[in-house]
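Residues per chain, in single letters:
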Amino acid sequence: MDIVRLDEVRATDRARVGGKAANLGELLASGFPVPPGFVICAEASAAYLEELDLGADLRALEGADAATVATHSAHVRRRIEQAELPPPLATALREAHLRLLAGRGDEVRCAVRSSATAEDLGAASFAGQHGTYYYVDAEHLSKRVRQCWASLWSPEAISYRATHGIDSRSVAMAVVVQEMIPAEVAGVTFTLNPVTGERDELIVESCWGMGAALVDGRVSPDRFVLRREDLAVLERRIADKRLMVAPRLEADQQARLETVPLDHRTRESLGPGDLRLVAEWALRAEAHFGQPQDVEWAWSAGRFWLLQSRPVTVVGREEVGRGICGRWVLFKPIAENFTEPLTPLSEDMVRSVMPPAGLRVIRGWVYLDVAVLEWLLPFQASPEELADHVYSLSRDGPDWNLDWSKLPPLLLAGLAGFLVCAVPLARVRALPDSALDGGRDLARRLADDDSVAPEQVLRQFWLLPSIFAPMAHMPAIVNLCSAIGFPWLHALRRLLDRWVPDFREEAEVLLSSGSEGVLSAEMGRGIVALAATARRSPRVRGILEGETAERALAALRAEPEAGPFLEALAAFLAQNGHRAVKEFELRSPRFEEEPSVVLGMVRNALGLGPARTDHEGRAAQARERLAARLRESLAALPLERATGLRFRLILAAAERARYYLKLRENSRFYHIMGPAIVRSKVTRIEALLIHDGRLKCKDDVFFLTFAELSGLQAGRLGWLDVEDLVRERRIEHIRLSKLGPRKTIGFELRPRPRHASAAGDNLRLEGRGASPGRYQGRARIILDPTVDSRIEPGEVLVAPYTDPAWTPLFLTAGAAVVEVGSYLSHAGTVAREFGMPCVVDVPEATRRIRSGDLLDVDADSGRVCVLETGASP
């Protein structure tokens, strides 16, 4: 029999119906809420292929290179899709479909899903490799069945089988036809952590609409981590779910992907009760099959449905470095600004300005070649020691001996570099704060010049200035030259160590910091000014506090009293609109595109009083007090009262260090305009390509390369040429995001004893102090300020990373704890400017700490202690 009812299928039928159908049949027969359906057995597809006489083409695929596979597989798929089903099978298919939907009207649609005989095995799930089709009616049923059969012979499926050692001749394709569940919410549940293999937690991911958006990588899902023993929520990460696959298509609707309403984008897609029920059904599926499961599910009209269950395929971080030669360490200056890998288009942009040696993008993260470090750093140190020091970016130099044999070539190279850089170094030594403002004009000209392609922007904006051009046109060169501040910082440290060692920690931070003229701090002051403007109108303040940030902008535009606030907001965006969370990522919308992020920060600042916003005044007073104490302590040294030489030397070194550190921050403010220009050009091209049908969905463009984008523009490529590439890259990007980056590739660092421990009854986390001080306050977990920026005055900001777009949150927080970072990272720099304690490089801080926990943040020692747990406020 070619067609069988799904509830008649059992695990022993796997060879006839494939892994997916066998699992679903088992679950349906055991009382699980699986949608009804039927299965077209694998022998039907085998007979169909035999009738088409494709033996020669299939044999040509065995062991063939990629080009041959692409050619022959395309021919095979065309033949399968274009031929008609044998009449007996076509009749049986129509009758089975009528029985499935009998008496339920024309609005019911079916899902047509592959079920290969090698699918859903523990070592190879084939997830996403074979065809699945939704919204299928009687008219298109036969076509979708043939497309499922054809997907067995896509280049990707063939490659996947070869990688897992599965002989293509042993694989056949069955097809499952089920009633389609028009899901309002859908997702997946893993009954163990698929990255680490940990059995003590469940992972639940969910999104609005059909689960295809999640499976295809088109949406970042909400993510919940549950403790297995009692299903308590250990971690809750709510994503900005911008897109969804519609549960139903209107008669004239072509695109199944639609925009999520603003007030739903950052709302939890699963409530506590539904989340628990999802987890319970997943654990029942695990108990039924006797091994950890990857369960797909949906909610529709208040009812839970289980759509698929298969063994979990565990991946690991070691895959990130597979096949990479040499020894590499994660490049912290970029990695500390976001925790997800770069999208392919952003990778391409970064590569366009990389030096020919030393840096490399690996699976979306930027790594530094340790061999280059060995050449650049003239010390007697192992590669592991060098990599560990560069990764930590500690302000304290390592206690290593010089390797004198490395000095001569290094000095020659340094001299040559100095001669090349002497002119720009001389030109940046005394720039006024406004000197780089002209960079905005250059950025505007590049953005408006259609003759400059997106891939050319960074080279022109960063790397190819004229030597006679004003420094405002060289923000990236200025940023490089600002590194001369680090020797001045080291000199300050040595002077303090020599003459006033008891003052070193406090004096170094206060003397080398100062937020006056620092543009990232100016952005924070701009938020405070916007909040002050909003307070003058009770109606404006009411909108900001009563509406979600996404809805507030529309409400403000409709409010007559909001004119002054909207004018101030426009002025703020004119200055800071090019900023974004994850600024090097082209996929990240800029503030000028989505002002709701700014409104969320303004809402936080509404509750701040003058005592919490006068950071500059407090820091200035602290510096004055410190200067008086320094002068008094130094006066005890010989001749100091008469000459004041030591005090003047300390102040001179501090002034130079402070100047160059400010120049580093300010030049970044301008050179980050480069990626913003690239994004603006890319999104304009994207709109044209979508209009012409050469792209189908927003955001797909960021999963192409510039060469592929150029091919689409020129007409050399079409949507069908890039559709599979986009889908595969989206899925891979989500997979890599879950894995996270390896610190090193090609070798391992010796682990530091800095992880969580119990101090009495309290949890203690260890990291690195980036801004000294000690503070106690309630924790507020913020994973992404574009999704959630609400923080109450005095709370401790706990974040996975920060970049300049997070600066306004530091105005509200009493201290900061950051998973990724260093002394010179944005978090440490801004915390020192604002005089607040900050601990960085704290592993898993956002998982082990929960909002509402009372924290003791000791940034002097780099320790964070959870004094008491508390309910999320």
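**Student:** Sorry, what's going on with the overall build of the protein chain here?
**Tutor:** When its secondary structure is counted, the protein chain shows 35 helices and 26 strands. Taking 2.2 N^0.38 as the reference for a compact globule, 873 residues should give roughly 29 Å; the C-alpha atoms of the protein chain span a radius of gyration of 30 Å, in line with that estimate. Summarising its shape, the C-alpha atoms of the protein chain cover approximately 110 × 60 × 55 Å along the three principal directions. Looking at the protein chain as a whole, 55% of its 873 residues qualify as buried. Pairs at least 24 apart in sequence give 68% of the contacts found in the protein chain among residues at least 6 apart. Summing over all exposed atoms, the protein chain offers an accessible surface of approximately 37400 Å²; the carbon and sulfur share of this is 53%. Measuring between centres, the 109 positive side-chain charges of the protein chain sit 4 Å from its 118 negative side-chain charges.

**Student:** Sorry, what's going on with the pattern of salt bridges here?
**Tutor:** Close approach of charged atoms lets side chains of opposite charge pair. Inspection of every chain in the model, using the stated rule, returns 51 salt bridges. In this structure, the salt-bridge partner of Arg 774 is Asp 856, at a minimum N-O distance of 2.6 Å. In this pair, Arg 774 sits in strand β21 (residues 774-781) while Asp 856 sits in strand β25 (residues 854-858), placing the two residues 82 residues apart along the sequence. Relative accessible area serves as the criterion here: at 56%, Arg 774 is assigned to the exposed category. Taken together, the salt bridges that share partners define one network made up of Glu 201, Glu 205, Arg 223, Glu 235, Arg 237 and Arg 847.

**Student:** How should I be thinking about empty space enclosed by the protein in this particular structure?
**Tutor:** To locate leftover empty space, one rolls a probe as large as a water molecule over the atoms. Under the counting rule described, the total for this entry stands at seven cavities of 30 Å³ or more. In this model, the largest cavity occupies a volume close to 90 Å³. Together, Leu 431, Pro 432, Asp 433, Ala 435, Leu 436, Tyr 659, Lys 662, Leu 663, Asn 666 and Tyr 670 line the largest cavity. Within this model, the second largest cavity holds a volume of roughly 60 Å³. As for the second largest cavity, its lining consists of Leu 489, Ser 512, Ser 513, Leu 661, Tyr 823, Thr 829, Arg 832 and Glu 833. With three residues, helix α34 (residues 826-834) is the largest single contributor of residues to the lining of the second largest cavity. Considered class by class, the residues forming the lining of the second largest cavity number three nonpolar, three polar and two charged.

**Student:** Help me understand the sheet that holds strand β12 (residues 293-300), please; the structure alone is not making it clear to me.
**Tutor:** Adjacent strands of a sheet form backbone hydrogen bonds with each other and so pair up, either parallel or antiparallel. Spatially, six strands are ordered β9-β8-β7-β6-β12-β13 in an open sheet, and the strand pairing comes out antiparallel. Only two strands of the sheet have a single neighbouring strand rather than two, namely β9 (233-237) and β13 (303-311). The mean inter-strand angle of the sheet, taken between neighbouring strand axes irrespective of direction, is 15°. Pairing between β12 and β13: eight bridges, direction antiparallel. Paired with Trp 299 across the bridge in β13 is Phe 304. Strand contacts of helix α10 (residues 272-289): β6 (185-190), β7 (201-208), β8 (222-227), β9, β12 and β13, with the helix running at about 140° to β12, the strand carrying the most contacts.

**Student:** Would you explain the sheet that holds strand β14 (residues 328-330) in this entry?
**Tutor:** Pairing within the open sheet is antiparallel, and its four strands lie in the order β15-β16-β14-β17. Looking at which strands have only one partner, the edges of the open sheet turn out to be β15 (359-362) and β17 (744-745). Sheet topology note: the β14/β17 ladder contains two bridges and is antiparallel. Paired with Trp 328 across the strands is Ile 745, a residue of β17.

**Student:** Would you take a moment to explain helix α31 (residues 706-714) for this structure?
**Tutor:** One turn of the α-helix equals 3.6 residues, which is why residues spaced by three or four share an orientation. All of the buried residues in α31 are Phe 706, Glu 708, Leu 709, Gly 711 and Leu 712. Lining the buried residues of α31 we find α12 (344-352), α30 (673-691) and α32 (719-739).

**Student:** Where do I start with the environment of Leu 100 in this structure?
**Tutor:** As for its position among the elements, Leu 100 is in helix α5 (residues 87-100). Its relative accessible area of 12% is what places Leu 100 among the buried residues. As for Leu 100 and Cys 148, which are separated by 48 residues in sequence, their C-alpha atoms are 20 Å apart. Once residues lying within four places of it in the same chain are set aside, the contact partners of Leu 100 are Pro 36, Gly 37, Phe 38, Cys 110, Val 177, Gln 178 and Glu 179.

Rules used throughout
- Residues numbered from 1 in each chain as written.
- Predicted model: local features only at pLDDT ≥ 70, side-chain atom pairs only at ≥ 80, totals over all residues.
- Heavy atoms only, no water.
- Helix = DSSP H or I, 4+ residues; strand = E, 2+ residues; numbered from the N terminus.
- Rg over C-alpha atoms; globule rule 2.2 N^0.38 Å.
- Buried < 20%, exposed > 50% of the residue type's maximum accessible area, 1.4 Å probe, protein only.
- Contact = heavy atoms within 4.5 Å.
- Areas by Shrake-Rupley, 256 points an atom, 1.4 Å probe, with all protein chains shown as cover.
- Lys, Arg positive; Asp, Glu negative; His and termini not counted.
- Charge placed at Lys NZ, Arg CZ, Asp CG, Glu CD.
- Salt bridge = Lys/Arg side-chain N within 4 Å of Asp/Glu carboxyl O.
- 1 Å grid on protein atoms, 1.4 Å probe; cavity = no way out; pocket = protein on both sides within 12 Å on 5 of 7 lines; lining within 4 Å.
- Points joined across faces, edges and corners; volume = space filled by probe spheres on them.
- Nonpolar A, V, L, I, M, F, W, Y, C, P; charged D, E, K, R; others polar.
- Pairing = 2+ DSSP bridges.
- Axes fitted to C-alpha atoms, helices over the stretch in contact; angles between N-to-C directions.

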